[in-house]
Structures are given as C-alpha cells and as structure tokens.
Amino acid sequence: MSWSVILADPVRALMELIEPFKLGVLTGVVLGYLGVLALLGAILPGRTIAGALLADKTRLHYKCNGLPSLLVLIAGLGVGIKAGYISPTVIADHGGQMCTTTFMLCVVMSLWLLVRGYLSKSKSESLKPHVTGNLIEDWWFGVQLNPDFLGLDLKFFWIRVGMMGWLLINLSVAAKQYINQGSLSLSMTLFQTFCGIYVLDYFWHEEYMTSTWDIIAEKFGFMLIFGDVVFIPFTFSIQAWWLLSHSVAITPAAAVVNVLVFLCGFAVFREANKQKHMFKQDPKVLIWGEPAKVIGGRLLVSGFWGIARHCNYLGDILVAFSFSLMCGVSSPVPYFYPSYLFILLLWRERRDEAKCSTKYKEIWKEYCKAVPWRILPYIY
Ligand code: NDP
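Residues numbered from 1 in each chain as written. Predicted model: local features only at pLDDT ≥ 70, side-chain atom pairs only at ≥ 80, totals over all residues. Heavy atoms only, no water.

Trainee: Just to check I follow, could you spell out a positive patch on the surface for this structure?
Mentor: Among the surface-exposed residues, Lys280, Arg298, Lys359 and Lys361 lie close enough to one another that they form a single positively charged patch. The exposure class of lysine 359 is partly exposed, given its relative accessible area of 45%. (Patch = residues over 30% accessible without salt bridge, like charges linked within 9 Å, V, L, I, M, F, W, Y side chains within 5 Å. Areas by Shrake-Rupley, 256 points an atom, 1.4 Å probe, with all protein chains shown as cover. Salt bridge = Lys/Arg side-chain N within 4 Å of Asp/Glu carboxyl O. Lys, Arg positive; Asp, Glu negative; His and termini not counted. Charge placed at Lys NZ, Arg CZ, Asp CG, Glu CD. Buried < 20%, exposed > 50% of the residue type's maximum accessible area, 1.4 Å probe, protein only.)

Trainee: Can you walk me through unusual backbone geometry in this structure?
Mentor: When glycine is set aside, most residues are seen to have a negative phi, and most peptide bonds are trans. Not every positive phi belongs to a glycine, and lysine 57 is a case in point at roughly 70°. Along the chain, lysine 57 falls in the loop between β1 (47-50) and β2 (61-64). Lysine 57 sits in the exposed class, given a relative accessible area of 64%. Residue tyrosine 378 is not a glycine yet carries a positive backbone phi of 70°. For tyrosine 378, the position within the fold is in the segment after α16 (362-370). The exposure class of tyrosine 378 is exposed, given its relative accessible area of 72%. (Helix = DSSP H or I, 4+ residues; strand = E, 2+ residues; numbered from the N terminus.)

Trainee: Would you mind showing me how to read the packing of aromatic side chains here?
Mentor: Each pair of aromatic rings is reported with the distance of its centres and the angle of its planes. Counted according to the given criterion, the structure contains 33 aromatic pairs. Note on phenylalanine 262 and phenylalanine 266: the rings are 5.4 Å apart at their centroids and 20° apart in plane angle, and the pair reads as stacked. Of this pair, phenylalanine 262 and phenylalanine 266 both sit in helix α13 (residues 252-281), separated by four residues, roughly a single helical turn. Between phenylalanine 323 and tyrosine 337 the ring centres are 6.0 Å apart and the planes differ by 20°, which places this aromatic pair in the stacked class. With a gap of 14 residues between them, phenylalanine 323 in helix α14 (residues 311-325) and tyrosine 337 in helix α15 (residues 336-360) connect regions that are remote in the sequence. The buried category is assigned to phenylalanine 323, whose relative accessible area is 0%. With relative accessibility at 3%, the residue tyrosine 337 sits in the buried group. (Phe/Tyr/Trp six-rings, centres within 6.5 Å; stacked < 30°, edge-to-face > 60°.)

Trainee: I keep staring at the environment of alanine 354 and nothing clicks. Help me out?
Mentor: Along the chain, alanine 354 falls in helix α15. Spatially, the C-alpha atom of alanine 354 lies 32 Å from that of leucine 200, the residues being 154 residues apart in sequence.

Trainee: Any chance you could explain the site of the ligand here in plain terms?
Mentor: Inspection of the region around the ligand gives 29 residues, with Trp213, Lys276, Lys280, Asp352 and Tyr360 positioned closest. Between the ligand and leucine 300, the relevant distance is 2.9 Å, taken from a nitrogen atom to a main-chain nitrogen or oxygen of the residue. The separation between an oxygen atom of the ligand and a polar side-chain atom of lysine 359 is 2.7 Å. Isolated, the ligand exposes 920 Å² of accessible area, and the fraction of that covered by the protein chains is 92%. Mapped by element, the contributors of at least two residues to the shell around the ligand are α10 (213-216), α13, β8 (299-300), α14 and α15. (Near = heavy atom within 4 Å. Polar contact = N/O pair within 3.5 Å; in protein donor to acceptor, adjacent residues only side chain to side chain.)

Trainee: Sorry if this is basic, but what is going on with the pattern of salt bridges here?
Mentor: Between side chains of opposite charge, pairing is possible as soon as their charged atoms come close. Taken as a whole and judged by the stated rule, the model has ten salt bridges. A salt bridge links arginine 309 to glutamate 353; its shortest N-O distance comes to 2.9 Å. On the criterion of sequence distance, the pair formed by arginine 309 in the loop between β8 and α14 and glutamate 353 in helix α15 is long-range, its members being 44 residues apart. Accessibility expressed as a relative area gives 5% for arginine 309, which makes it buried. With a closest N to O distance of 3.3 Å, lysine 365 and glutamate 362 form a salt bridge.

Trainee: Please clarify how the UniProt feature "transmembrane region" (unreviewed entry) in the chain should be interpreted in this entry.
Mentor: UniProt marks residues 23-44, 65-83, 95-115, 157-175, 181-200, 220-242, 248-269 and 317-337 with the feature "transmembrane region" (unreviewed entry), using the numbering shown here. Helix makes up 89% of residues 65-83 and strand 0%. Its end C-alpha atoms lie 27 Å apart. (UniProt positions renumbered as here; feature names shortened; annotations may be inferred.)

Trainee: Help me understand the side chain of aspartate 201, please; the structure alone is not making it clear to me.
Mentor: Here aspartate 201 shows up in helix α9 (residues 186-204). A distance of 2.6 Å separates the side chain of aspartate 201 from the side chain of arginine 270, its partner in a polar contact. Excluding its chain neighbours within four sequence positions, the residues that come into contact with aspartate 201 are Phe266, Phe269 and Arg270. (Contact = heavy atoms within 4.5 Å.)

Trainee: Just checking my understanding: could you explain the packing of helix α8 (residues 154-181) against helix α12 (residues 238-245) for this structure?
Mentor: Geometry of a packed helix pair, given as the angle between the helix axes and the separation of the axes. Between α8 and α12, whose axes approach to 9 Å, the crossing angle comes to 10°. Our classification of the angle between α8 and α12 gives roughly parallel. Facing α8, whose interface residues are Ile169, Asn170, Val173, Lys176 and Gln177, α12 presents Ala240, Trp241, Leu243 and Leu244. Split into classes, the residues belonging to the contact of α8 with α12 amount to six nonpolar, two polar and one charged. (Axes fitted to C-alpha atoms, helices over the stretch in contact; angles between N-to-C directions. Parallel < 35°, antiparallel > 145°, perpendicular 65-115°, else oblique. Nonpolar A, V, L, I, M, F, W, Y, C, P; charged D, E, K, R; others polar.)

Trainee: Please clarify how a nonpolar patch on the surface should be interpreted in this entry.
Mentor: Residues Val115, Tyr118, Leu119, Val131 and Leu135 make up a contiguous nonpolar surface patch of about 470 Å² in total accessible area. The leading source of residues in the nonpolar patch is helix α6 (residues 95-119), at three residues. One can find valine 131 in the loop between α6 and α7 (135-141).

Trainee: What's the story with the environment of aspartate 56 in this structure? I'm lost.
Mentor: Within the fold, aspartate 56 resides in the loop between β1 and β2. When neighbours within four sequence positions are excluded, aspartate 56 is seen to be in contact with Ser124 and Glu125. Engagement of the side chain of aspartate 56 in a polar contact is seen with the backbone nitrogen of glutamate 125, the distance being 2.7 Å.

Trainee: Looking at this model, I keep getting lost on the state of the cysteines. Mind explaining?
Mentor: A complete count under the given rule lists zero disulfides for this structure. Not part of a disulfide, cysteine 99 finds its nearest cysteine sulfur in cysteine 106, a span of 9.2 Å. Cysteine 99 gets classed as partly exposed once you look at its relative accessible area, which sits at 24%. (Disulfide = S-S within 2.5 Å.)

Trainee: Honestly, the environment of asparagine 65 in this entry has me stumped. Any pointers?
Mentor: Within the secondary structure, asparagine 65 sits in the loop between β2 and α4 (66-82). Classification of asparagine 65 by relative accessible area gives buried; the value is 0%. Residues asparagine 65 and arginine 160, 95 residues apart in the sequence, show an inter-C-alpha distance of 10 Å. Polar side-chain contacts of asparagine 65 include one of 2.8 Å to the backbone oxygen of glycine 41. A distance of 3.0 Å separates a polar atom in the side chain of asparagine 65 from a polar atom in the side chain of arginine 160.

Written out as structure tokens, the structure is:
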C-alpha cells in the first residue's frame, strides 16, 4: 500500500491492512509469540544478575536466558517450517498487518499499565507511581519504573521481544528473497550477517543490559513499549525490505569497506559496554591488562571510557551505518536507522550527561576535565 493512499484515508487504509489477514488471527500470533517467549524465559536456565541499586536501596534480579530462549525459538520455528506448519515468509507477506496489530497491542498495554500504575499502592521504587500530573506525559513515559506481570519483569522482557522480533522479520524477508530469486544477493547476505551477529551478541551479553539507561532510569510507558516491539523490529529492518524490491550491485571493494566499518564499530561498541559493565560488577577489574583507573572511586577513566565519555555510542552509530552501506546511496530510505540512531544518541548523551552531573557532582566535573570528548575524540 502506498503512502499517498494511507495519507488520503488513514482509517480505510488501516482497515484494509487488517482485513485480509484477520485481526483475531494476528493478535493470536503476536500473543502466542509473547507467551512462548515468557514460557521459555521461565523454564530455561540462565545466570541471575543483580540489577543496579535503586533509590530505595533495593535491587531487581534478572534471569539472563535470552540466548537459549532465542535458540529454542529458532529451532522450534525451523521444525514448524520443515513440517509445513509455518510459512518462512509469513512475516514478510504480512508485515504491514503485523506491525499494525503490534501497534494496537502496545496502545492497549500502555493504557493498562497506566491505570495499574495509578492504582498502585506500592512504596517500592520499582512499583510506586511516579505521577507527574500530566496524563499525556504519564502515558508516554509511564508511571512505574519496573512493572511486572506474574513475576515477569516487563521492561527487561519487552526488549527481548523486540530484539528477537527484529531478527525474525529479517530472516523472513531473506527467505522471501531466496524463494523469489533462488539465492540471496550479496547486499542481503551482508545485512543479514551483520544483524544476525548483532542480535546474537546482544543475547550472549544480555546481562550488560541490566546497567543501561533504559533499564535503570526510564519508566515503562508507551514510549518504551512501542519503541521496543514496533519501532525496533519494524524500522530497523527497513534495509531488508528495501533490498527485497531493489537490486544493488555492490562491488567486492565496497563490500570489504562495509565489513571493516561493521567490525570497527562493533569492536568499540562491544568493548566499551563490556568495560563499563565489568567495572560496575568489580571496580578492581583489569582494563586492557591494567587495573581500572577511577575518578572519585566511582567513574571509570580507563579503556574506551578514558577516550570519550560515550565511546559506546560512537561504536553503535558506526554499526548502524554499516547496516545501510550495502544498500548504496540511491535512496535515503535505507538510512533511516543510522540517521535516527545518530539523533537519538546525541540527545541521549545530553540527557545522560545532565543525569550524571546531578548525581556525581564534583566527580563528574573532574571526569569531564580528564576526558573532554563526549562521543568522537578531537571532534565532539
Ligand atoms: P550507557 O551504557 O553509556 O550508560 C550510561 C550510564 O553509565 C550513566 O548514566 C552512568 O550511570 C554510567 N556511566 C557513565 N559514564 C561512566 C563512567 N565513566 N564510569 C562508570 N559509569 C559511567 O548508556 P545507554 O544505556 O544509553 O546505552 C547502552 C548501549 O545501548 C549503548 O551502546 C547504546 O549505543 C545502545 N543503545 C542502542 C539503541 C538503539 O536503538 N540501537 C538505543 C539506545 C541505546 P550510573 O549512574 O549507574 O553510574
């Protein structure tokens, strides 16, 4: 369906998107996916990691079994496809409807969590209602820090749903290209490989998520609910959709450059996040073979954290560009993800800076003096 048709009559376009594949069936598929992931998360083994210390001096504990959950899910889908019960192109064939259904689910869930948050009598930092008095703001940002459902930490779980959803969408689109053309293009192969590594690595290091901004600082409202399971999977996969309908003749030299950009970005992203996480777990950890240098006993100045205050953002931005370079430069559409991430991380760096400055006061000033660069050394 074209954008002009959607913009001319959005309600009719919405009904057309939903009609052919039956809203009930799709809702069942999405809820089934959530149910399977919740079940796998509950029964499969995984390390239990203590989360950050909250304002009320409590900590949540996270069972990090995303990787086994993903592998069992993929294996199960593989068996279902082989047996002919599941079509490998089901998501690629019904992407618009899936996206719309998931979006509606997010709206319902955010309203439910808003009401539940307002009614909460809990005094704990995680569950007490952080009400601003502005209904829209409360709905958008959420009112509870860590709401749960039947013992499931919803915020941690939701990121898992989105990251796995992203991989499943990519794989389904790849399957469609393979069935249509009899092979995968070089561009599609590169995109699938990079994203596959990124998602597998995410789950391999899932415990690092427990010290990130989203988990420790952001409440769980529509912004995260929608962002995790609609925005991430459906827009981060735009390149795959685009490659399905556009053939790009990428030269071997361009492919090599593309791989190098990915590897550099990935190394910086992974190592910087790892260094901070290890430091939080054990301030005496060795960074690049030497004891971690610390300011005020709390801020790491070794490794990437001594080069720029947010080198991890630089790595992520490079990786994001590497996800798009194989699409060439004939259209800005495949560059949506890196452009969005660039803006998001510049904004987030400012918010994080303000948070850290308030929290660490003089120590933060000292850190800024020692490490003057925000993201990109000698430039920004
Ligand atoms: P960070 O992982 O950088 O976490 C920031 C926090 O780390 C600060 O609030 C502070 O928390 C602590 N901190 C900052 N500097 C230091 C230091 N020198 N020593 C010790 N602790 C420090 O930020 P995010 O959670 O935003 O990002 C995590 C990763 O996720 C990044 O790589 C980012 O690129 C990625 N990301 C990806 C997105 C995507 O859409 N692809 C979206 C958002 C993030 P404290 O108060 O606990 O010390």
